[in-house]
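Commentary on secondary and tertiary structure
If you want the building blocks of each chain, they are given just below.
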Amino acid sequence: MSERLIIFDTTLRDGEQAPGIALTPDEKVTIAHQLARLQVDVLEAGFAASSSGDFQAVSRIASEVQGPVIASLARAHPDDIDQAWDALRHADRARIHVFMSTSPIHMERMLRMTPAEVLKASVEGVRRARRYTDDVEFSPQDATRSEYPFLIDVCRAAVEAGATTINIPDTVGYATPADFLELMKRIYAEVRGDRSDVTISVHCHNDLGLAVANSLSAIAAGARQIEGAINGIGERAGNTSIEEIIMAVKTRQDVFGVEIGADTTQIFDTSRLVSQLTGYPVQFNKAVVGRNAFAHESGIHQHGVLRDRETYEIMSAESIGQRGAQIVLGKHSGRAGFADALNNLNISLEEDEFMQAFAKFKAMADRKLEIGEDELRAIATSGPSGLAAAEVEMVGINVSGGHDTTPTAVVTLSRGGVVSEYTGQGGGMVHAAFSAIRQCFGIEARLVDYRVVPVTAGADAMAEVNVVVRVGDITYSGKGVSTDVVEGSAEAFVDALNRAIGAK
Ligand code: KIV
Ligand code: ZN
């Protein structure tokens with residue numbers, strides 16, 4: 001029987017470190033449930049010591065999500081490790097992931113520690129984590145720019161101290177597949193040796209677009225755990241795309257020869273959920289999950305595919321869980337039909353969220369003839385999630401002006417049940433709407449990100465709007481969906497500011 005390749009998902013930790021992503025604990029729990037349906041082996045839920053939000057998310061995921069091993073990142077500091085365990089203690093199976101930089105530049109410039117101090121702290125960190133759980137991962141950060149003899153000494157010491165997984169991060173995405181193969185062969189021979197209880201893992205960043213290629217080349221050198229994030233999100237250019245690894249290993253069994261536990265039919269739903277909750281669109285031509293991944297445009301290709309799909313397809317859309325355009329609702333669809341469609345999309349909402357989503361659906365269905373799968377997902381994930389009840393609700397919006405008159409917006413908002421109108425002006429309609437909304441909230445919020453993504457094509461397309469605001473040092477994101485971009489933008493802004501005042 002072939003060996004198992006462990007899929008370690010870090011969407012909620014490294015993925016969430018991508019600029020402009022600010023998931024609430026509720027949203028993280030929703031994604032974690034979907035990752036459990038995808039059957040990833042290890043789910044890194046966050047970095048418990050980094051913020052109270054992360055701590056809360058890790059501990060909720062540890063208590064509520066069954067299936068994967070739940071992990072928390074921790075620096076090799078006693079406090080971090082203790083907090084990681086505090087957050088993880090209710091998990092059925094918990095892993096503490098300890099890291100410490102080993103490259104000269106990180107040790108000298110960032111940590112200001114000598115190699116001997118780094119080695120000692122790494123060993124102490126792993127030993128401390130082992131007091132809590134027998135599943136401890138150690139990562140020498142910036143491994144690929146480290147001096148290999150030192151890197152190997154630290155990894156060996158970590159294994160002797162009790163680490164059961166040694167993860168080699170290409171933190172800055174510097175390695176090429178050939179470099180990585182050589183390094184991994186050395187790690188396998190000199191660190192793992194005949195210790196069958198130790199797993200060698202890789203964690204690649206995509207700065208040169210090589211993260212997936214590097215990860216796959218590591219398998220040939222004996223790596224049996226790959227770390228990555230859904231849709232490849234993460235710091236800078238992102239992480240290894242988990243869905244690409246899963247499909248590459250499944251499709252090319254002949255090359256990789258390792259088993260994988262993931263349920264590939266959950267890939268599409270997972271990708272779309274992550275995209276909608278993070279506000280990071282999926283590139284149209286993205287491998288496996290892009291809108292065009294199974295689209296055939298040229299006549300010759302269409303002709304071939306009509307005769308036999310395998311003429312131009314190496315995997316099928318169904319194998320990743322794409323259902324095609326089967327779910328279509330309209331203005332006559334009722335609550336039961338709406339609930340059934342959400343159920344088919346694996347979306348479960350609390351009663352109040354469901355009622356809000358249904359009201360939104362009805363409003364959209366009045367303007368648009370057909371509401372398809374992508375639009376339903378957008379509607380279901382656009383509510384004021386993360387808040388028991390939104391303090392401010394948008395009742396209506398009217399905009400006027402344009403080319404040669406100053407754009408003006410009148411936004412009707414209900415705050416704590418009291419309905420008032422606010423008028424704002426700006427350089428454009430969206431700016432005017434935001435000025436009006438600011439008056440209602442009365443807080444200093446700086447807009448740091450604003451994105452409009454069409455959910456479908458066509459003149460009556462629904463757009464999804466994502467905004468990120470900064471209040472003091474904290475960022476909050478908000479979402480809105482509408483066939484009207486100004487209305488969707490206003491909703492997203494209200495959502496973000498609600499989160500900001502709700503968090504106070
Ligand atoms: O990229 C990296 O080095 C990391 C480690 C903390 C594993 O994310
Ligand atoms: Zn990373």
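Going by the structure above, here's the rest.
Rules behind the numbers
- Residues numbered from 1 in each chain as written.
- Chains lettered and ligands numbered in written order.
- Predicted model: local features only at pLDDT ≥ 70, side-chain atom pairs only at ≥ 80, totals over all residues.
- Heavy atoms only, no water.
- Axes fitted to C-alpha atoms, helices over the stretch in contact; angles between N-to-C directions.
- Helix = DSSP H or I, 4+ residues; strand = E, 2+ residues; numbered from the N terminus.
- Parallel < 35°, antiparallel > 145°, perpendicular 65-115°, else oblique.
- Left-handed = near helix turned anticlockwise from the far one by under 90°.
- Contact = heavy atoms within 4.5 Å.
- Pairing = 2+ DSSP bridges.
- Near = heavy atom within 4 Å.
- Areas by Shrake-Rupley, 256 points an atom, 1.4 Å probe, with all protein chains shown as cover.
- Nonpolar A, V, L, I, M, F, W, Y, C, P; charged D, E, K, R; others polar.
- Donors = N, O, S within 2.8 Å, 3.2 Å for Na, K, Ca; no water.
- Buried < 20%, exposed > 50% of the residue type's maximum accessible area, 1.4 Å probe, protein only.
- Core = buried A, V, L, I, M, F, W, Y, C linked by side-chain atoms within 4.5 Å.
- 1 Å grid on protein atoms, 1.4 Å probe; cavity = no way out; pocket = protein on both sides within 12 Å on 5 of 7 lines; lining within 4 Å.
- Points joined across faces, edges and corners; volume = space filled by probe spheres on them.

**Some details on the packing of helix α16 (residues 429-441) against helix α17 (residues 485-502)**
The interhelical angle for the contact between α16 and α17, taken along N-to-C directions, is 30°, at an axis separation of 9 Å. The angle between α16 and α17 falls in the class roughly parallel. Crossing geometry of α16 relative to α17 is assigned as right-handed. Facing α16, whose interface residues are M429, V430, A433, F434, I437, R438 and F441, α17 presents V486, S489, A490, F493, V494, L497, N498 and I501.

**Brief notes about the sheet that holds strand β12 (residues 408-415)**
In a beta sheet, neighbouring strands pair by backbone hydrogen bonds and run either parallel or antiparallel. The antiparallel open sheet is built from three strands, whose spatial order is β11-β12-β13. Both outer strands of the open sheet, β11 (392-400) and β13 (418-425), are each paired with one neighbouring strand and no more. Neighbouring strand axes in the sheet, compared pairwise and without regard to direction, differ in orientation by 20° on average. Contacting β11, β12 and β13, α16 crosses the sheet at an angle of about 135° to β13.

**Here we look at the environment of L447**
Among the structural elements, L447 can be located in strand β14 (residues 446-454). Residues L447 and T475, 28 residues apart in the sequence, show an inter-C-alpha distance of 9.4 Å. Once residues within four sequence positions are removed from consideration, L447 is found in contact with F434, R438, V467, V468, V469 and F493.

**Quick word on the site of ligand 1**
Ligand 1 sits among R13, D14, H97, F99, S139, Q141, P169, T171, H203 and H205. When the free accessible area of ligand 1 is taken as 260 Å², the share hidden by the protein chains comes to 95%. Taken together, the elements giving at least two residues each to the shell around ligand 1 come down to β4 (94-101) and β5 (136-141). Of the residues belonging to the shell around ligand 1, the class tally is two nonpolar, six polar and two charged.

**Section: the coordination of the zinc ion (ligand 2)**
Every protein donor of the zinc ion (ligand 2) is accounted for by D14 (OD), H203 (NE2) and H205 (NE2), and the metal-donor separations fall at 1.9 to 2.1 Å. When the donors of the zinc ion (ligand 2) are listed by position in the chain, the intervening gaps give D-x188-H-x1-H.

**Quick word on the pairing of strand β15 (residues 463-471)**
When you tally the buried positions in β15, you get eight out of nine residues, the bulk of the element. In the sheet, β14 pairs with β15 via eight bridges, with the strands oriented antiparallel. Each residue of the ladder has a partner; that of L447, found in β15, is V469. Between β15 and strand β16 (residues 474-482), which pair antiparallel in sequence order, lie two residues; one of them, G472, sits at a positive phi of approximately 60°.

**Description of the nonpolar core**
Counting 96 residues, the largest nonpolar core has L43 and I166 as the members making the most contacts within it. Counting residues in each nonpolar core, the second largest holds 29 residues, with I437, I443, A445 and F493 among its members.

**Examining the packing of helix α2 (residues 52-64) against helix α3 (residues 78-88)**
Close contact between α2 and α3 brings their axes to 7 Å; oriented N to C, the two are set at 40°. Between α2 and α3, the angle is such that the two are oblique. Residues F55, V58, S59 and A62 of α2 touch α3, and the partners they reach there are Q83, D86, A87 and L88. Grouping the constituent residues of the contact of α2 with α3 by class yields five nonpolar, two polar and one charged.

**Topic: the pairing of β16**
Most of β16 sits inside the fold, with seven of its nine residues counted as buried. Taken together, the nine bridges between β15 and β16 define a ladder with antiparallel strand orientation. In the sheet register, R470 faces β16, and the bridge partner there is T475.

**Some details on the layout of surface pockets**
Here the second largest pocket is characterised by a volume of approximately 1,000 Å³. Along its surface, the second largest pocket is lined by 38 residues, and F268, R272, R291, D374 and V455 are the ones closest to its centre. Breaking the lining of the second largest pocket down by element, the ones donating at least two residues are α11 (267-278), β10 (371-372), α15 (373-380), β14 and β15. Residue composition of the lining of the second largest pocket, grouped by class: 16 nonpolar, nine polar and 13 charged.

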